[in-house]
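Architecture and fold: a report
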Amino acid sequence: MSQNASAWAMTLERLEKAAKIAELDPEVTALLREPQRIFVVSFPVRMDDGTTRLFKGYRVHHNHALGPIMGGTRFHGEETLDDVKALGLLMTLKNSLNGLSAGGGKGGVVVDPDSLSKAELERLCRAYIRAIAPMVGTWLDFPGADLGTDSQTQSWFLDELEQMNAMTHNPAAISGKDIILGGSQGRAAATGLGVMFSVREACKILGIQLKGLRIAIQGVGKVGGWAASLLYEKGAKIVAVSDVFGGVCAPGGINIPELLKFVEKTGKVEGFFGAKAINKNELLTVDCDVIIPAAVQNVINTEVASKIKAKVVAEGANGPTTLDGEEVLLSRGIFVVPDILANGGGTTVAYLEKAQNLYECYWSEKEVHAKYEEMFVQCFNEIYKICKEKGISMRMASYVKALKRIELAIKIRGWV
Ligand code: NAD
């Protein structure tokens, strides 16, 4: 398959490959090749200058055999239905892999959130959630945050749904909301925490020390920023970081708390003192031990993969490695912790958030993170065992484990 293949085509190819290894019933594979429901909405939003702009949004319910749909909402200027479908299928696999009683789906709006004022963004959030409201709810679909969305957008989503429903409070309808509205302690750090666990467990397998490990991170948003902080606290050296505008590199290590303060103030990593500016495209090939792609998809293609100097790639982003890119990484003996394992912290803690909302009983950050750590380590070890037994990659082993669980649910429901 060409490197320009769409995200959906690539995800389907991985699904087919894993389904063969897992000896999945072909009727189950056929079912997973199609999302169960797709909503395409267009909705007007009043801009600050009085004009109206029409926006396009999507919500895909990929598969709900294991439970209500769970998956984030992406606000991105180049969002496509194809991407949302691919991310929905990944969520079905990720939720299954992490042992959750949840199906998978995803949402998206074609918008660059940075191009809107705060008031415009609020109106857009309210309009989007109104447009997809019939498809959202505790036992139907529990939308979370993703690229371009955060606890503020999630809080507006929840408020709008509650206003529409005669002010009936229902925190278990939206995840990733602010803590004051029932969000979970520890949710903000959760995805980065899983990335940190991924690096730590990979190091154990490879027999290398986390302390002093040289790490390069693409993207310093919710995932990359937290991964950087947590790894820095563990004594790793973050030698390079980048964002959509550019990158910086310091072979002796970047002071991450200072860098994050700088990013909060200026909106970018460029110009950070004590680090040399690099082109954002150089980030993945700098001299280091671990690469964490934590921004967008398809960035590790064959060309980049052949130049990577790291021993480990921990996929914080969804779909950062192309099919051919992964072949090159594996042929070079690079250990890849796949997205559905490495970035599963967000969805797992969103699931714990819903449990807390339903029980009306709230846990501390320490308790939430301890629960996730136990789930992560058990999952990582089970996947590594499959990987060794079957002589397959960590990604294929993750897919196999996830698919077997979905197959059980589909069969017991009598869908095939
Ligand atoms: P975010 O919007 O908080 O941050 C994205 C970061 O990536 C920013 O620093 C941005 O400048 C940078 N970036 C964007 N385009 C880039 C480019 N072309 N080159 C370099 N950097 C670029 O988003 P996020 O929530 O951190 O999500 C990042 C990735 O992680 C996405 O693939 C997302 O699907 C995935 N993910 C997020 C979560 C979550 O809980 N937020 C969970 C699972 C997976």
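Thresholds applied
Residues numbered from 1 in each chain as written. Predicted model: local features only at pLDDT ≥ 70, side-chain atom pairs only at ≥ 80, totals over all residues. Heavy atoms only, no water. UniProt positions renumbered as here; feature names shortened; annotations may be inferred. Helix = DSSP H or I, 4+ residues; strand = E, 2+ residues; numbered from the N terminus. Contact = heavy atoms within 4.5 Å. Near = heavy atom within 4 Å. Polar contact = N/O pair within 3.5 Å; in protein donor to acceptor, adjacent residues only side chain to side chain. Areas by Shrake-Rupley, 256 points an atom, 1.4 Å probe, with all protein chains shown as cover. Pairing = 2+ DSSP bridges. Axes fitted to C-alpha atoms, helices over the stretch in contact; angles between N-to-C directions.

If you check UniProt for "active site" (unreviewed entry), the listed places come out as K106 in our numbering. By the element assignment, K106 lies in strand 4 (residues 103-110). Residue contacts for K106: discarding those within four places in its chain leaves Y58, R59, V60, G72, V84, L87, G88, M91, D146 and N318.

So, on to the UniProt feature "binding site: NAD(+)" (unreviewed entry) in the protein chain. Those places that UniProt annotates as "binding site: NAD(+)" (unreviewed entry) correspond, in this numbering, to T191. The contact partners of T191, leaving out residues within four places of it in the chain, are V223, A342, N343, G345 and G346.

With respect to spatial proximity, 23 residues lie near the ligand, and among them R74, D146, T191, V223 and N318 are the closest. Between G148 and the ligand, the recorded distance is 3.3 Å, taken from a backbone N or O atom to an oxygen atom. The contact in question runs from an oxygen atom of the ligand to an N or O atom on the backbone of V220, over 3.0 Å. Calculation on the ligand without its partners gives an accessible area of 830 Å², and the protein chains cover 85% of this total. Elements with a contribution of two residues or more to the shell around the ligand: helix 6 (187-206) and helix 7 (222-233).

Here we come to the sheet that holds strand 5 (residues 141-145). The strand order across the open sheet formed by five strands is 1-2-4-3-5, and the pairing between neighbours is mixed. Two strands lie at the open edges of the sheet, namely strand 1 (37-46) and strand 5, each paired on one side alone. Ignoring strand direction, the axes of neighbouring strands in this sheet form an average angle of 25°. By the bridge criterion, six bridges tie strand 2 (residues 52-63) to strand 4 in an arrangement that is antiparallel. Note on strand 4: the bridge partner recorded for N63 is G104.

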